[in-house]
Amino acid sequence: MTFDVPVARQASEPPEARGLRRDEVRLMVSHIGHDRGRGREIEHLRFHQLPSVLAPGDLLVANASGTINASIDGERAIGIPIELHLSTALPGGLWSVEVRERHPEGSKPLRVAMTGEVLGLAGNGRASLLAPYPYGGDPFAPSRLWTAALELPLPLSEYLDRYGDPIRYGYVPHAWPSSYYQTIFAAEPGSAEMPSAGRPFTAELVRALEANGIGVAPIVLHTGVSSLEDHEPPYEERYDVPGRTAELVNATHDTGGRVIAVGTTVVRALETVTDERGIAHPGRGWTDLVIAANRPMRAVDGILTGLHEPRATHLAILAAIAARGGEGRARLLDRAYDEALARGYLWHEFGDSHLLLPVAESRLRPEA
């Protein structure tokens, strides 16, 4: 998919700063498997109207990972100011990190050979860069991410609370408090960047969904730094799918309901633990699963997400879900993005939402 996102379509501040509640952002609904001759294939609503397009027996699965203050000010040994973005906690107390150089329009990845370099961090912290991440065989190759050992004057959570900030990119010019980067589902801190598909939910909306017979269940997947600049495939990430959530996914399918992932992170976690028969299992660990259009969905029927950049790997997940409606249904994604651009929808974590929803009778489940 190729298109340009105008600067005016990039959400530069939270909806609260625009006088909106979280659940008042716009919601575009693309109906997969819809007969284009009857009614609208694409609807335009507000997020708080979500219960009106779902049905009793449907299940929303949300990411309960909390966002940490993963951006730390620092300096290279040669005196160049940098931002260090923590990405993923690795075994042995190590981290994968991204080193970013400051520019007037926002920081950018610093891709130079830095193996063995020690970065100074705020509050007399240090980060020793050990090797490119993931390691490709050349310890001195330029890299976007690095395996690093942190030496901090405080326990990590305390240090980040005192010296860290939420990660933000150039399209968000002003800093916002950490609370703006948490969803109501956040229960276990660990994500470098907010699982933003869940941001528009409010407690009132969750109660309305449950009152309408629509379930809400958690998983945890700790997100690393995004790939906005280079659109590379996602790296390995830690996940946890509880037994109760796996049971609810299976029960929903058994009774003809739809499982709707709240974000691409949920897709990745659920599809990792679902077998070829379409049965979800509890599990935790690391996933390197990459979803593409040629890999059929096993657990997830629809997705509630934001609007993604062209060429972003997230779009491959959306295309795979849209393709479940039958041959040519992936073109629905093109039409949806055309409408989003034409109608002024906003992109990125503070922007608007998009629901890809199969009509109830068109849900396709793998044969047993």
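Going by the structure above, here's the rest.
Since we're looking at a predicted model, the values are computed, not measured.

Looking now at the sheet that holds strand S2 (residues 42-46). Taken in spatial order, the nine strands make up an open sheet running S2-S1-S19-S18-S16-S3-S14-S15-S17, and their pairing is mixed. Bordering the open sheet on either side are S2 and strand S17 (283-287), each of which pairs with just one other strand. Strand-to-strand twist of the sheet, defined as the mean angle between neighbouring strand axes without regard to direction, takes the value 25°. Pairing between strand S18 (residues 302-305) and strand S19 (residues 353-358): three bridges, direction antiparallel. Residue pairing for S19: threonine 305 is matched across the bridge by histidine 354. The sheet strands contacting helix H4 (residues 264-272) are strand S3 (59-63), strand S14 (215-221), strand S15 (237-241), strand S16 (259-262), S17 and S18, and the helix crosses S14 at an angle near 85°.

Quick look at the packing of aromatic side chains now. By the definition in use, this model includes eight aromatic pairs. Plain terms: the ring middles of phenylalanine 47 and phenylalanine 201 are 5.1 Å apart, the flat faces sit at 85° to each other, and that makes the pair edge-to-face. Residue phenylalanine 47 is found in the loop between S2 and S3, and its partner phenylalanine 201 is found in the loop between strand S13 (188-191) and helix H2 (203-211); the two are separated by 154 residues along the sequence. In textbook terms, an aromatic cluster arises when at least three aromatic residues are bridged by ring pairs, as seen for Phe47, Phe185 and Phe201.

Here the focus is the side chain of glutamate 349. By the element assignment, glutamate 349 lies in the loop between helix H6 (331-342) and S19. Despite its burial, glutamate 349 remains without a salt bridge, the nearest opposite charge being carried by arginine 199 at 8.4 Å. A distance of 2.5 Å separates a polar atom in the side chain of glutamate 349 from a polar atom in the side chain of tyrosine 171. Glutamate 349 has contacts with Tyr171, Val172, Tyr181, Met194, Ser196 and Arg199, leaving out every residue within four places of it along the chain.

Turning our attention to H6. Look at H6: 17 Å from first C-alpha to last across twelve residues, which is about the 16 Å you get at 1.5 Å a residue. Within the span of H6, buried status applies to Leu332, Leu333, Ala336, Tyr337 and Ala340. Along the axis of H6, the buried positions cluster into a sector of 130°, meaning they face one direction only. Exposed positions of H6 whose direction lies more than 90 degrees from the buried face are Arg331, Asp338 and Ala342. Lining the buried residues of H6 we find strand S1 (26-32), S2, helix H5 (314-322) and S19. A positive phi of about 80° marks glycine 344, the residue just after H6.

Before going further, it helps to spend a moment on the nonpolar core. Grouped together as the largest cluster of nonpolar side chains are 44 residues, with contacts concentrated most on Val267, Leu270, Ile321 and Leu356. It is H5 that provides the largest number of residues to this core, a total of seven residues. Here isoleucine 321 is in contact with Ile32, Val267, Met297, Val300, Asp301, Gly302, Ile303 and Leu356, once residues within four sequence places are set aside. Ala127, Tyr159, Met194 and Leu346 belong to the second largest nonpolar core, which has 34 residues in total.

How each quantity is defined
Residues numbered from 1 in each chain as written. Predicted model: local features only at pLDDT ≥ 70, side-chain atom pairs only at ≥ 80, totals over all residues. Heavy atoms only, no water. Pairing = 2+ DSSP bridges. Helix = DSSP H or I, 4+ residues; strand = E, 2+ residues; numbered from the N terminus. Axes fitted to C-alpha atoms, helices over the stretch in contact; angles between N-to-C directions. Contact = heavy atoms within 4.5 Å. Phe/Tyr/Trp six-rings, centres within 6.5 Å; stacked < 30°, edge-to-face > 60°. Buried < 20%, exposed > 50% of the residue type's maximum accessible area, 1.4 Å probe, protein only. Lys, Arg positive; Asp, Glu negative; His and termini not counted. Salt bridge = Lys/Arg side-chain N within 4 Å of Asp/Glu carboxyl O. Polar contact = N/O pair within 3.5 Å; in protein donor to acceptor, adjacent residues only side chain to side chain. Expected span 1.5 Å × (residues − 1). Arc of directions from axis to C-beta. Core = buried A, V, L, I, M, F, W, Y, C linked by side-chain atoms within 4.5 Å.

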